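Geometric and topological summary
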Amino acid sequence: MSTTTRIYKGHPGPGVKVSGEALVASDNFSARYDLDLVKGIVSRPAHKLAGQSYVGKILILNIAKGGVASAWMLRDMVQSGRTPKALILNFANPIMAQGAAFADLPLIDRFDVDITHAIKSGEMVIVDPQAGTLTVG
């Protein structure tokens, strides 16, 4: 049985190398408005991942949205232990990048493909922020 390794290159980001199960949607992302930080689930009813737990997953979404509250929201998530292992975005705004660095949450963005279409929920991935790579398989 042959397995194929796929490697996607993005912009290097903060955080350490982690691996885990991908949780993917083409929705945009706001830590403040899309997540229930107490329950550890996606809470916005219109979100494609509504009701699903993001805890311990590699959260893969489209574009960061929101403002300065994102930085402390990401930090609160990490400190509470109810956090994704990493955040993968097609595009992270400067506040999201600062928030991920502040929270010590691995982050990669700006891939050469639409990462929300390249990866499927349930796939096992390796995130290497320093190299800017996301590996599947």
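Everything below is about the structure shown above.
Structural notes, computed from the coordinates.

Rules used in this analysis
Residues numbered from 1 in each chain as written. Predicted model: local features only at pLDDT ≥ 70, side-chain atom pairs only at ≥ 80, totals over all residues. Heavy atoms only, no water. Phe/Tyr/Trp six-rings, centres within 6.5 Å; stacked < 30°, edge-to-face > 60°. Lys NZ or Arg CZ within 6 Å of the ring centre and 35° of its normal. Helix = DSSP H or I, 4+ residues; strand = E, 2+ residues; numbered from the N terminus. Contact = heavy atoms within 4.5 Å. Salt bridge = Lys/Arg side-chain N within 4 Å of Asp/Glu carboxyl O. Buried < 20%, exposed > 50% of the residue type's maximum accessible area, 1.4 Å probe, protein only. Core = buried A, V, L, I, M, F, W, Y, C linked by side-chain atoms within 4.5 Å. Pairing = 2+ DSSP bridges. Expected span 1.5 Å × (residues − 1).

1. Brief notes about the packing of aromatic side chains
- The tally for this structure, following the rule as stated, stands at 0 aromatic pairs.
- Here the basic side chain of Arg 75 rests over the ring of Phe 102, its NZ or CZ set 4.6 Å away from the ring centre.

2. Remarks on the environment of Val 42
- Along the polypeptide, Val 42 turns up in strand S4 (residues 41-42).
- In sequence terms Val 42 and Ala 86 are 44 residues apart; their C-alpha atoms lie 15 Å from each other.
- Aside from chain neighbours lying at most four places away, what touches Val 42 is Asp 34, Leu 35, His 47, Leu 49, Ala 50, Gly 51, Gln 52 and Tyr 54.

3. So, the pattern of salt bridges
- One pass over the structure, following the stated rule, counts 6 salt bridges.
- Between Arg 6 and Glu 123 there is a salt bridge, with the nearest N and O atoms lying 3.1 Å from each other. Of this pair, Arg 6 sits in strand S1 (residues 6-9) while Glu 123 sits in the loop between helix H4 (115-118) and strand S8 (124-128), and the two are 117 residues apart along the sequence.
- Since its relative accessible area comes to 26%, Arg 6 is described here as partly exposed.

4. Here's the deal with the nonpolar core
- Phe 29, Tyr 54, Leu 59, Leu 87, Leu 89 and Met 96 are the most contacted members of the largest nonpolar core, which has 24 residues in total.
- In terms of residue count, helix H2 (residues 69-80) provides more of this core than any other element does, 4 residues in total.
- If sequence neighbours within four positions are ignored, Met 96 has contacts with Phe 29, Ala 64, Lys 65, Ser 70, Leu 74, Leu 87, Leu 89 and Leu 107.
- Listed in part, the 17 residues of the second largest apolar core include Ile 88, Phe 111, Ala 118 and Ile 119.

5. What about the sheet that holds strand S9 (residues 133-136)?
- Ordered in space as S1-S9-S8-S2-S5-S6-S7, the 7 strands form an open sheet in which the pairing is mixed. The two strands at the open ends of the sheet, each matched to only one other strand, are S1 and strand S7 (107-108).
- Relative to strand S6 (residues 86-91), strand S5 (residues 58-63) runs parallel, the two sharing 5 bridges. Looking at the pairing, Leu 61 lines up with Leu 89 of S6.

6. Observations concerning H2
- Over its 12 residues, H2 runs 16 Å from end to end, which matches the ideal 16 Å to within 8%, given 1.5 Å per residue.
- All of the buried residues along H2 are Ala 69, Ser 70, Ala 71, Met 73, Leu 74 and Met 77.
- Buried residues along H2 sit against helix H1 (31-34), strand S3 (35-36) and helix H3 (94-103).
- Where H2 terminates, the next one or two residues include Gly 81, which has phi positive at roughly 80°.

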